[in-house]
Amino acid sequence: MRVTNQTRDHGANAYGGIKVFAGSSHPQLAEEIATYLGLTLSGRDCIKFPNENIFWRLHESVRGQDVFLIQTLSSPVSDNIMEMLIAIDCLRRDSAARITVVMPYMAYARSDKKDQPRVPITARLMADMIVTAGADRYITVDLHAGQIQGFFNIPGDELTGFHLLSDYFADEAIENAVIVTADLGFAKKGRNFAAKLHLPMAFVEKRRIGNNAQSEILTVIGDVENHNVIIVDDEISTAGSIENTVKVVKEAGALDVYVSATHGVFVGPALERLRKLPIKEIIVTNTVAPTPDRLLPNMKYISVGRLLGEVVYRVHLGRSVGEMFNE
Ligand code: R5P
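Quantities reported herein were computed from a predicted structural model and do not represent experimental measurements.

A. Layout of helix H8 (residues 305–317). Counted at 1.5 Å a residue, the expected span for H8 with its 13 residues is 18 Å, and the 18 Å between its end C-alpha atoms agrees. Of all 13 residues that make up H8, 11 are buried, and the element is covered over most of its length. Those residues of H8 that fall on the buried side of the exposure criterion are Gly 305, Leu 307, Leu 308, Gly 309, Glu 310, Val 311, Val 312, Tyr 313, Arg 314, Val 315 and His 316.

B. A nonpolar patch on the surface, seen in detail. Side chains of Ile 47, Phe 49 and Phe 55 sit close together on the surface and give an oily, nonpolar patch of about 220 Å² of accessible area. As for its placement among the helices and strands, Ile 47 is situated in strand E2 (residues 44–48). Its relative accessible area of 30% is what places Ile 47 among the partly exposed residues.

C. Here's a closer look at unusual backbone geometry. Note the cis peptide between Ser 75 and Pro 76, where omega equals -5°. Following the sequence through the fold, Pro 76 ends up in the loop between strand E4 (66–70) and helix H2 (77–93). Positive phi outside glycine occurs at Ala 173, with the angle close to 45°. Note on placement: Ala 173 falls in the loop between helix H4 (162–172) and strand E8 (177–181). For His 198, which is not a glycine, the phi torsion comes out positive at approximately 55°. Looking at the secondary structure, you find His 198 in the loop between helix H5 (187–197) and strand E9 (201–208).

D. The packing of H2 against helix H3 (residues 122–133), seen in detail. Two elements in contact, H2 and H3, have axes separated by 8 Å at closest approach and are oriented at 25°. By the criterion of interaxial angle, the relationship of H2 to H3 is roughly parallel. Seen from H2, the contacting residues are Ile 81, Met 84, Leu 85, Ile 88, Asp 89 and Arg 92; seen from H3, they are Met 126, Met 129, Ile 130 and Ala 133. For the contact of H2 with H3, the class distribution of residues is eight nonpolar, no polar and two charged.

E. A look at the site of the ligand. For the ligand, the full set of nearby residues is Arg 110, His 144, Asp 183, Asp 233, Asp 234, Glu 235, Ile 236, Ser 237, Thr 238, Ala 239, Gly 240 and Ser 241. Within the side chain of Asp 233, a nitrogen or oxygen atom sits 2.6 Å from an oxygen atom of the ligand. Within the side chain of Asp 234, a nitrogen or oxygen atom sits 2.6 Å from an oxygen atom of the ligand. If the ligand stood free it would expose 380 Å²; the protein chains cover 85% of that surface. If you map the ligand onto the pockets, it falls in the largest pocket. Of all the secondary structure elements, the ones that give two or more residues to the shell around the ligand are strand E11 (228–236) and helix H6 (240–251). Broken down by class, the residue content of the shell around the ligand amounts to two nonpolar, five polar and five charged.

F. Structural view of helix H1 (residues 27–37). Along H1, the residues that are buried comprise Leu 29, Ala 30, Ile 33, Ala 34, Tyr 36 and Leu 37. All buried residues of H1 project into a common sector of 160° when viewed along the axis, lining one side. Where H1 is buried, its residues touch strand E1 (18–22), E4 and H8.

G. Main features of the nonpolar core. With 43 residues, the main nonpolar core has Ile 139, Phe 169, Phe 193 and Leu 308 as its most contacted residues. The leading source of residues in this core is H8, at six residues. Residue assignment places this core across two domains, with domain 1 (18–160 + 305–325) and domain 2 (162–302) each supplying three or more. Apart from the residues within four sequence positions on either side, Phe 169 is in contact with Ile 174, Phe 193, Leu 197, Ile 230, Tyr 258, Ser 260 and Ile 283. Of all hydrophobic cores here, the second largest spans 34 residues; its members include Leu 73, Met 84, Met 103 and Ile 130.

H. Layout of empty space enclosed by the protein. With the rule as written, the count across this model stands at two cavities of 30 Å³ or more. Within this model, the largest cavity holds a volume of roughly 50 Å³. Lining the largest cavity are Pro 104, Tyr 105, Met 106, Ala 109, Val 141, Asp 142, Leu 143, His 144, Asp 234, Glu 235 and His 263. Of the residues that constitute the lining of the largest cavity, the class distribution is six nonpolar, two polar and three charged. Taken together, domain 1 (18–160 + 305–325) and domain 2 (162–302) each give at least three residues to the lining of the largest cavity, which thus spans both. Considered as a void within the structure, the second largest cavity measures approximately 40 Å³ in volume. Looking at the second largest cavity, the residues that line it are Ala 182, Val 204, Lys 206, Leu 218, Ser 241, Asn 244 and Thr 245. Among the elements that take part in the lining of the second largest cavity, H6 stands out by supplying three residues, more than any other.

I. The state of the cysteines, seen in detail. Taken as a whole, this structure holds zero disulfides when the rule is applied. A disulfide-free cysteine, Cys 46 has its sulfur positioned 10 Å from the sulfur of Cys 90, the nearest such atom. When its relative accessible area of 16% is taken as the criterion, Cys 90 is described as buried.

Rules used throughout
Residues numbered from 1 in each chain as written. Predicted model: local features only at pLDDT ≥ 70, side-chain atom pairs only at ≥ 80, totals over all residues. Heavy atoms only, no water. Helix = DSSP H or I, 4+ residues; strand = E, 2+ residues; numbered from the N terminus. Expected span 1.5 Å × (residues − 1). Buried < 20%, exposed > 50% of the residue type's maximum accessible area, 1.4 Å probe, protein only. Patch = residues over 30% accessible without salt bridge, like charges linked within 9 Å, V, L, I, M, F, W, Y side chains within 5 Å. Areas by Shrake-Rupley, 256 points an atom, 1.4 Å probe, with all protein chains shown as cover. Salt bridge = Lys/Arg side-chain N within 4 Å of Asp/Glu carboxyl O. Axes fitted to C-alpha atoms, helices over the stretch in contact; angles between N-to-C directions. Parallel < 35°, antiparallel > 145°, perpendicular 65-115°, else oblique. Contact = heavy atoms within 4.5 Å. Nonpolar A, V, L, I, M, F, W, Y, C, P; charged D, E, K, R; others polar. Near = heavy atom within 4 Å. Polar contact = N/O pair within 3.5 Å; in protein donor to acceptor, adjacent residues only side chain to side chain. 1 Å grid on protein atoms, 1.4 Å probe; cavity = no way out; pocket = protein on both sides within 12 Å on 5 of 7 lines; lining within 4 Å. Sits in = over half its atoms within 2 Å of the grid points. Arc of directions from axis to C-beta. Core = buried A, V, L, I, M, F, W, Y, C linked by side-chain atoms within 4.5 Å. Domains from an automatic or database assignment. Points joined across faces, edges and corners; volume = space filled by probe spheres on them. Disulfide = S-S within 2.5 Å.

The quantities given are spatial measurements derived from coordinates; they are silent on function.
In structure tokens:
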């Protein structure tokens, strides 16, 4: 990743000066982004009234300014979504010239199609709500499916955490390693990850037995026997997929197992599952805050702060983001 190694001159652009606001969901990451930009976070109050209604008040005017709002959509999901929408509305009503919502982890991204009768497409609803609230742009990291970009009718930048994760494994130089994806839907991204590290690939395939949706068998396609395995996925939520994948590669003769994902969402039984599994290291980025309930001794967080900071800087100046990745 190419970052701008110079004093960041962020004088006013066509949208005015830059201001960065933090929602309540990930203050450390917002702080990191602001520090990268050489700014302090703009002040605001966020109050939750006894009736659970959320209220935002800005400490300073944003009239005619280029405003970035940092809010990741982790637990409490509904509150964080609602706060984000209220904050966008607040900024819009104070006459911000442009509002960019920086949403490192987008909730509801897995609800991206009608894959059974009578179900919603909530990722589309999310995009509609963000646009309706008044956002002009969005920045996010590793959407569950790239097509979700098309749900937004405003410009946006979808970044990836995989460069950071693959750089980590390149530095580790794990011998005799093979990249494994937890499901075939992730095969293409997994292949890119493997190609970057010049490593071979294997896949875990989930196959249904008969017509019973509950009965599945897992098989490994590719060679993991006597190899160190690096499992990659976009997110770890309940860690059910990772649990199955670790078990099946171990049964197939894998040596050390490493697990990596962009989003360490870690909900419900995730930590207990991961604690019990024979995993050497779990590497995730901090798109979701590494709170104490999301930490294990074998877990490492890689920050997306510099990546997001640089993208915010480039968006503000109207400079290419692809250039950072030689695109
Ligand atoms: C699935 O399509 C995703 O790539 C992840 O494998 C999934 O979101 C992980 O969920 P969980 O940790 O609950 O198994």
